[in-house]
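Coordinate analysis (summary)
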Amino acid sequence: MKSHIGDMPGLARHRFGRPAAVAVALYLTTAAVAAWYDGGRWFVVVATARFWPSDDEARLLPAAICVLNAWALWQILRGPAAPRAATLPREVVWLRRLLYADVLGDLLLWELLDDLSGVAEHVVRWAVWTATMFLLVRALSGVSARFRGVALGLGLTGVLGAALRPLAEVPPAAALPLVMATVGCKVMIIAGQRRDGRFSAVTVAVGWTALLLPTAFALLQEWLAFDGLSLVVQALGGLLVVWAARTAHELAAPRPDGAAAGTGRAPRLLAAAAFVLVLPMAVVGAERDARLTYTAADEGCRDRLRPATGLGPGERRRSFLCLARNETFAAGTMFPERLADQRVLAYGAQLCALPGDRERRTLHERAGGMGDVIELTAALEYLCPGIVARQTAEAYRAQAERDLQEARWKAEANARCADPWPKVRARRQGTAAYMLSEGGGYAVYDDRDDSEGDPGDIYGGDGEAADIFDAVEDGFIDAVGSGAAIVTSEENAPMCMTVKAFDRAPPLRLAGWDQVVEVGIVSRSGRLVVPTYPEGGGSGAAGPLPDLAVAGPGRYRLRVHARTVPWDEDDPDAPLEEHLLVVYPGRSTDKVVHRPRG
């Protein structure tokens, strides 16, 4: 059968229509194969050039972007339509070349240049834009000289901001107007295209979409929470390449009647603009490349690092830059890539002079840096040796102050507590303040017996060990196996606790106590303890209390006495609750309530 591909609309009347159609067909075929291969796991990558969740609910959006990309590929590759102008002004010829160069750069070239040198990519990209912007504004017909002057002023202001970026840190308040100047120039160019008879309504619409929607998203992204919106915005932002390609294609059309041709001074003016605005970026880039030993692309520099001790100043600075230019555990480089090495070194010197981690973190975040304190300190050790030792000494001093304050607090709390049964001496005994945490309650348990889960965990709730919630339901105590959970009246406050361990059952003492209950408890390892107060807060005894299993492994009886203490207006911090624990060997597992709560 005779092929009619040449008769298909849009193929024959575009210069590269047939190759473009083949490329689009190959792309769609690849996407279709990816949709069936390996469960469609690679479809999203082919369709959007990004990794994205590949579940069924996420297929519709990548499919739509795939269609958009196929259309964009056709628009870029098809070339200009016939009829073409017999001759084009020299400026227009160069403008079309620059537009195609910009298209190639956005699709591939800028990425390759960035892998070689971020400075080279920055310089070439802005050089191409400067020349393109200059010629495109001049090539517009149907606009006034004032319109061209304003558009060029905005464009050159944006280029000036890009030129200043490697030289010094631009504060956010100044950076935004410079960025918006470039956006404003592009807005005026697209508005001028609408008045120019060579550019179609589709080209103008594509330009508005590619420019304004991503810009609006960048300004409003904190308030937009649609999952996948960034994927849509990236796809629409890619239409800027389509706009540049269509602009280059349509510039090949005959010039509108009555349009003024450009003057012969344009090449000289363009060269002057490039020299004044773009050349400083190249100069700074050359200086930066010469001074930079380790770059973000040099991922192996970490493997060549040596300890800071014994290194010379130059090697220490290069080692610092190695860490400062590479990625941190939190992803992203420790310092912004846009900062020149000298700025990074200057920030490092300021960080070295600060007294503590908090001040360093504040300055580091202000500089746009990433990474935690440990990573930053490791890098600064090369720039200012001894910072780790100083920080360690400062940490020891701070910890010593905290320990001293805690020791004073414990001593004051313990001094408020006394043995409520001083006439009866036990084999082992002790009195201390017991700090209660939120909810109150405490445990008596065998701290070496893990047969029933975590020893002393009275909040487990699995029914195989003592549980504070069962104790609350009981009204006072729950004893299971080698642990007991006891309820308290107070919480988030200290109470007084006395423990006494006897070789045999002591006399029963009820006078002065609100509640007295006795239960059976087991010591499998030969220990029964009350937890001590941990460092940093929590719950436990503020002083040492002895092991209560005086007869080693075996069964014991635990008798718990509890009472509230009146508030002392002369000592408002005094404990308002007191407990006495009596432990002695005994085989009974029965619970005996000697005195219920009244």
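Everything numeric here is computed off the predicted structure, so don't read it as measured data. (Residues numbered from 1 in each chain as written. Predicted model: local features only at pLDDT ≥ 70, side-chain atom pairs only at ≥ 80, totals over all residues. Heavy atoms only, no water.)

Scanning the protein chain for helices and strands turns up 17 helices and ten strands. Counting only residues that meet the buried cut, the protein chain has 43% of its 598 residues in that class. Carbon and sulfur atoms make up 58% of the accessible area of the protein chain, which totals about 31300 Å². (Helix = DSSP H or I, 4+ residues; strand = E, 2+ residues; numbered from the N terminus. Buried < 20%, exposed > 50% of the residue type's maximum accessible area, 1.4 Å probe, protein only. Areas by Shrake-Rupley, 256 points an atom, 1.4 Å probe, with all protein chains shown as cover.)

Now for the pairing of strand β2 (residues 442–445). Consecutive side chains of a regular strand alternate in pointing toward one face of the sheet and then the other. Burial of the side chains of β2 extends over both faces: Y442 and V444 are buried on one face and A443 and Y445 on the other. Note: β2 against strand β4 (residues 483–486), four bridges, orientation antiparallel. Looking at the pairing, Y445 lines up with G483 of β4. (Pairing = 2+ DSSP bridges.)

With antiparallel pairing, the three strands of this open sheet are ordered in space as β2-β4-β3. Across the chains shown, the open sheet's two edge strands, defined by having one partner strand only, are β2 and β3 (477–480). Neighbour-to-neighbour, the strand axes of this sheet turn through a mean angle of 15 degrees, independent of strand direction. Direction of pairing for β3 relative to β4: antiparallel, over a ladder of four bridges. Within β4, the position partnered with V480 by the bridge is G483. (Axes fitted to C-alpha atoms, helices over the stretch in contact; angles between N-to-C directions.)

What follows concerns the pattern of salt bridges. Inspection of every chain in the model, using the stated rule, returns 16 salt bridges. R427 serves as the salt-bridge partner of D503, at 2.8 Å between the closest nitrogen and oxygen. Here the residue D503 occupies a position in the loop between β5 (494–501) and β6 (515–523), and R427 occupies one in the loop between α16 (387–415) and β1 (428–435), the gap between them amounting to 76 residues. D503 sits in the partly exposed class, given a relative accessible area of 43%. (Salt bridge = Lys/Arg side-chain N within 4 Å of Asp/Glu carboxyl O.)

Turning our attention to the packing of helix α1 (residues 17–36) against helix α3 (residues 60–77). At a minimum axis distance of 8 Å, the contact between α1 and α3 shows a crossing angle of 160 degrees. Taken together, the axes of α1 and α3 lie roughly antiparallel to each other. Note that α1 runs across α3; the crossing there is right-handed. Facing G17, A20, A21, A23, V24, Y27, L28 and A31 of α1, the residues of α3 in contact are C66, N69, A70, L73, W74 and L77. Its residues assigned to classes, the contact of α1 with α3 comprises twelve nonpolar, two polar and no charged. (Parallel < 35°, antiparallel > 145°, perpendicular 65-115°, else oblique. Left-handed = near helix turned anticlockwise from the far one by under 90°. Contact = heavy atoms within 4.5 Å. Nonpolar A, V, L, I, M, F, W, Y, C, P; charged D, E, K, R; others polar.)

Counting all residues, the mean pLDDT for the protein chain is 79, and 78% of those residues have values of 70 or more. The secondary-structure element of the protein chain with the lowest mean pLDDT is helix α11 (residues 266–291), recorded at 42, while strand β9 (residues 577–585) shows the highest, at 97. Low pLDDT, under 50, characterises residues 53–57; the stretch is placed with six contacts to residues that sit more than four places away or in other chains. (pLDDT = per-residue confidence, 0-100.)

It is worth spelling out the sheet that holds strand β10 (residues 592–595) at this point. In a beta sheet, neighbouring strands pair by backbone hydrogen bonds and run either parallel or antiparallel. Pairing is mixed across the open sheet formed by seven strands, whose spatial order is β7-β1-β5-β9-β8-β6-β10. Either end of the sheet is taken by a strand with one partner, and the two such strands are β7 (540–541) and β10. As defined by bridge partners, β6 adjoins β10 across three bridges and the pair is classed as antiparallel. Directly across from E518, in β10, lies its bridge partner V592.

Glancing now at the side chain of S141. Its place among the elements puts S141 in the loop between α5 (118–139) and α6 (145–164). Taking the relative accessible area as the measure of exposure, S141 reaches 6% and is therefore buried. Polar contacts involving the side chain of S141 include one to the side chain of D196, which spans 3.0 Å. (Polar contact = N/O pair within 3.5 Å; in protein donor to acceptor, adjacent residues only side chain to side chain.)

Moving on, we come to the side chain of R559. By secondary structure assignment, the location of R559 is in strand β8 (residues 554–564). Within the local environment of R559, its side chain forms a polar contact with the backbone oxygen of P507, the two atoms lying 3.3 Å apart.

On to the packing of aromatic side chains, then. Tallied over the entire structure, the rule returns five aromatic pairs. When the ring of W409 is compared with that of Y533, the centres are 5.3 Å apart and the planes differ by 45 degrees; the resulting orientation is tilted. One end of the pair, W409, is in helix α16; the other, Y533, is in the loop between β6 and β7, with 124 residues separating them in the sequence. Overall, W409 belongs to the partly exposed group, its relative accessible area being 28%. When its relative accessible area of 16% is taken as the criterion, Y533 is described as buried. Grouping aromatic residues by their ring pairs yields a cluster made of F320, F335 and Y347. Looking at K186, its charged tip hangs above the ring of W129, at a distance of 5.1 Å from the centre. Its end group placed over the ring of W513, R563 keeps NZ or CZ at 4.0 Å from the ring centre. (Phe/Tyr/Trp six-rings, centres within 6.5 Å; stacked < 30°, edge-to-face > 60°. Lys NZ or Arg CZ within 6 Å of the ring centre and 35° of its normal.)

By size, the foremost hydrophobic cluster in this structure holds 42 residues, and its most contacted members are L95, W129, M133, I189 and W243. With nine residues, the single largest contributor to this core is α5. L95 has contacts with T132, L135, L136, A139 and L251, leaving out every residue within four places of it along the chain. With 29 residues, the next largest nonpolar core counts I486, V499, V550 and V560 among its residues. (Core = buried A, V, L, I, M, F, W, Y, C linked by side-chain atoms within 4.5 Å.)

Right, let's get into a nonpolar patch on the surface. A cluster of nonpolar side chains, namely L104, L107, L108, L109 and L112, defines an oily patch on the protein surface of about 460 Å² accessible area. Inspection of the secondary structure assignment puts L109 in helix α4 (residues 90–116). (Patch = residues over 30% accessible without salt bridge, like charges linked within 9 Å, V, L, I, M, F, W, Y side chains within 5 Å.)

To continue, consider the environment of L213. Structurally, L213 can be placed in helix α8 (residues 201–220). Apart from the residues lying within four places of it in its own chain, the contact partners of L213 are W208 and L236.

A separate point is unusual backbone geometry. The phi dihedral of N492 is positive, around 50 degrees, even though this residue is not glycine. The residue N492 is located in the loop between β4 and β5 in this model.

We now examine the pairing of β4. Neither face of β4 is exposed, since G483 and A485 on one face and A484 and I486 on the opposite face are all buried. Counting the residues in the hairpin turn of β3 and β4 gives two residues, including G481, whose phi is positive at 60 degrees.

Let us look at the packing of helix α12 (residues 313–325) against helix α13 (residues 341–353). The interhelical angle for the contact between α12 and α13, taken along N-to-C directions, is 100 degrees, at an axis separation of 11 Å. In terms of their interaxial angle, α12 and α13 are classed as roughly perpendicular. The segment α12 lies against α13, with R317, F320, L321, A324 and R325 engaging D341, V344, L345 and G348. Along the lines of polarity and charge, the residues of the contact of α12 with α13 split into five nonpolar, one polar and three charged.

On to a negative patch on the surface, then. A cluster of acidic residues, E111, D114, E327 and E337, forms a negative patch at the surface. In this structure, E337 sits in the loop between α12 and α13. Take E337: its relative accessible area is 53%, and that puts it in the exposed class. (Lys, Arg positive; Asp, Glu negative; His and termini not counted. Charge placed at Lys NZ, Arg CZ, Asp CG, Glu CD.)

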